[in-house]
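Architecture at a glance
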Amino acid sequence: MKNLILVFICIFSLFLPTTTNAQAKIYVIHFNPWYVNSYFEKQSTNDTELSAIYEKFKADISKNNISKNLKTCNLLIESSSDNLIKSDFYRIKGDLYYKYQSNNYTKMIDAYYNAVLLNAENNEAWSKLSELFYYSKDTSILKFYSTKISDICVTSPSKNAYWCSYQLNNNLGNYEAALHDLNQSIKLSSYRNPNLIENRAELYTKMKKYDEAIDDYTKLIQDNWSDNILTARGKLYLQTQQYYLALEDFLRQMQISKADSYYYTNVAEAYYYLKNYAACIDYASQIININPYHCEGFYWKSMAYFKLNNYQQALDNINQAIKIQLNDVEFHKQHNLPLDRIYPLDWKERYYYQRALIYMELQNNKEAKSDLQKVVSCNGVLYKKALIKLNKISI
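Now for a look at the structure at hand. (Residues numbered from 1 in each chain as written. Predicted model: local features only at pLDDT ≥ 70, side-chain atom pairs only at ≥ 80, totals over all residues. Heavy atoms only, no water.)

**Overview of the overall build of the protein**
Filter applied, for reference: Every helix listed is a DSSP run of H or I at least four residues long, and every strand listed is a run of E at least two residues long, numbered separately from the N terminus. The rule is simple: take the accessible area with a 1.4 Å probe, protein chains only, and divide by the maximum for that residue type; under 20% is buried, over 50% is exposed, in between is partly exposed. Here a residue-residue contact requires only that any non-hydrogen atoms of the pair lie within 4.5 Å. Only the protein chains shown count as cover for residues, with accessible areas throughout obtained via the Shrake-Rupley method and a probe of 1.4 Å.
Each helix and strand counted, the protein has 22 helices and 0 strands in total. Every one of the 395 residues in the protein was classed for burial, and the buried ones make up 48%. Sequence separation of at least 24 residues holds for 52% of the intrachain contacts in the protein that already meet a minimum separation of 6. Per element, the accessible surface of the protein, about 21,100 Å² overall, is 48% carbon and sulfur.

**Topic: unusual backbone geometry**
Backbone geometry follows two general trends: most residues other than glycine have a negative phi, and most peptide bonds adopt the trans configuration. Unusually for a residue other than glycine, Q241 sits at a positive phi of about 60°. Mapped onto the secondary structure, Q241 falls in the loop between α14 (229-239) and α15 (243-256). Classification of Q241 as exposed rests on a relative accessible area of 60%.

**Side note on the nonpolar core**
Under the convention used in this document: Throughout, nonpolar core names a set of buried Ala, Val, Leu, Ile, Met, Phe, Trp, Tyr and Cys residues whose side chains join them through atoms within 4.5 Å.
Core analysis: the biggest nonpolar cluster contains 73 residues, and W300, I318 and Y351 have the highest contact counts within it. With 34 residues, the next largest nonpolar core counts L96, I109, A120 and L129 among its residues.

**Digging into the state of the cysteines**
Rule in force here: Two cysteine sulfurs form a disulfide in these notes if their separation is within 2.5 Å.
On inspection of all chains with the given rule, the structure shows 0 disulfides. A disulfide-free cysteine, C164 has its sulfur positioned 7.7 Å from the sulfur of C153, the nearest such atom. Of the residues examined, C164 reaches a relative accessible area of 0% and is grouped as buried.

**Digging into the pattern of salt bridges**
Here is the rule: Salt bridges, as used here, are contacts in which a Lys or Arg side-chain nitrogen is within 4 Å of a carboxyl oxygen on Asp or Glu.
Across all of its chains, the model carries 13 salt bridges by this definition. In this structure, the salt-bridge partner of D95 is R91, at a minimum N-O distance of 2.7 Å. One end of the pair, D95, and the other, R91, are both in helix α6 (residues 83-100), 4 residues apart, so they sit about a helical turn from each other. Since its relative accessible area comes to 10%, D95 is described here as buried. Assessed through its relative accessible area of 8%, R91 is described here as buried. One network of salt bridges, in which partners are shared, links D88, R91, D95 and E124.

**Looking at the packing of helix α5 (residues 66-79) against α6**
We apply this condition: Axis definition: a line fitted to C-alpha atoms, limited for helices to the stretch in contact. Angles are taken between N-to-C directions and run from 0 to 180 degrees. Angle categories: roughly parallel below 35 degrees, roughly antiparallel above 145, roughly perpendicular from 65 to 115, and oblique for all the rest. Helix crossings are classified by the rotation of the near helix relative to the far one: an anticlockwise turn of less than a right angle makes the crossing left-handed, while a clockwise turn makes it right-handed. Side-chain classes follow a simple rule in which Ala, Val, Leu, Ile, Met, Phe, Trp, Tyr, Cys and Pro form the nonpolar group, Asp, Glu, Lys and Arg form the charged group, and the remainder, Gly included, forms the polar group.
Look at α5 against α6: their axes get within 9 Å of each other, and the N-to-C directions meet at 165°. As the angle between them shows, α5 and α6 are arranged roughly antiparallel. You can see that α5 and α6 cross each other, and the crossing is left-handed. Here I66, N69, L70, C73, N74, L76 and I77 of α5 come into contact with α6, specifically with K86, F89, Y90, I92, K93, L96, Y97 and Y100. Along the lines of polarity and charge, the residues of the contact of α5 with α6 split into 11 nonpolar, 2 polar and 2 charged.

**So, the packing of helix α20 (residues 347-361) against helix α21 (residues 365-378)**
Interhelical geometry of α20 versus α21 gives an angle of 155° and a closest axis separation of 8 Å. It follows that α20 is roughly antiparallel to α21 by the angle criterion. At the point where α20 passes α21, the crossing takes the left-handed sense. Each of K348, E349, Y352, Y353, R355, A356, Y359 and M360 in α20 lies in contact with α21, whose residues at this interface are N365, E367, A368, D371, L372, K374, V375 and C378.

The following block contains the structure:
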């Protein structure tokens, strides 16, 4: 490890001719603090000069003197004539922004982009760049770099380049282009990477190519990749109305994760669509036994009781589900938490629509109209159905 540091110092002396060994050691520490930190934690060193410089570096970091580190990186970038070395300096510059100035988003991306532009095999830079594009909500930045990354894929094709391009296009909603990039990344991988296959299955699902998604999930299940893959495939079986296959996957999943009410919810839903309402109520009740505040348990009980024409039980259960959700909304508001994280995201639309149907059966058109208006205000998938029923109601 110490020899590696000395190799770095020798390299620096080539392109920084006026730099002393002591100064070179400062550069080593400044541009790669995590490497040096690991070195000093795991090994002892007799190099008192390097130890002293390291202590000074730690003091700079504790004072948030990041500008000094960035200045050092820029000096090394300007001084280097070797693209591979310069690429690594750009990557380290990006790391400094990433670790200490994450709000400097544009400069961070620019540093990582320059790193891969100079060296298309800089895998660490590709990894960070892909992560930033995955989380980015800035469409203008995504569009700006989309063509640039695509050009690198053409001139220097690699698994990581195409993976990065996939993240860009996927985030932009360019699913066909994203699928092409992901297939290229899979093709260029040295082995069948289950992470890439899972991402492709998720992409197929977005594109409503359910058969292809099911095929990918089946491959992952055969490889024992992840327990939750059963749930993902089961959801697609529900989507394609293959209810018995969905139930089979959900039951297998439930055996693996017995104490998780989420998996009981899936089983209750599958039984509902199989018109086995007694079994739906049974599993929904088990959800509530595990978690008395699990709104979906009450929702599916309401749905099943409604099909059995037991409207009062249906109303009692949907009221409980709505009460739980309204309390959750109030809690989020009091603590300034984002409302779009309340599970499930579509609860308002589904729950009020269900209660409106019950009120209509109970001849309570006033309450039914009020609930249907709430559904219409959601402007979701039940908008048209709610609007049609709303127009037929007379008070």
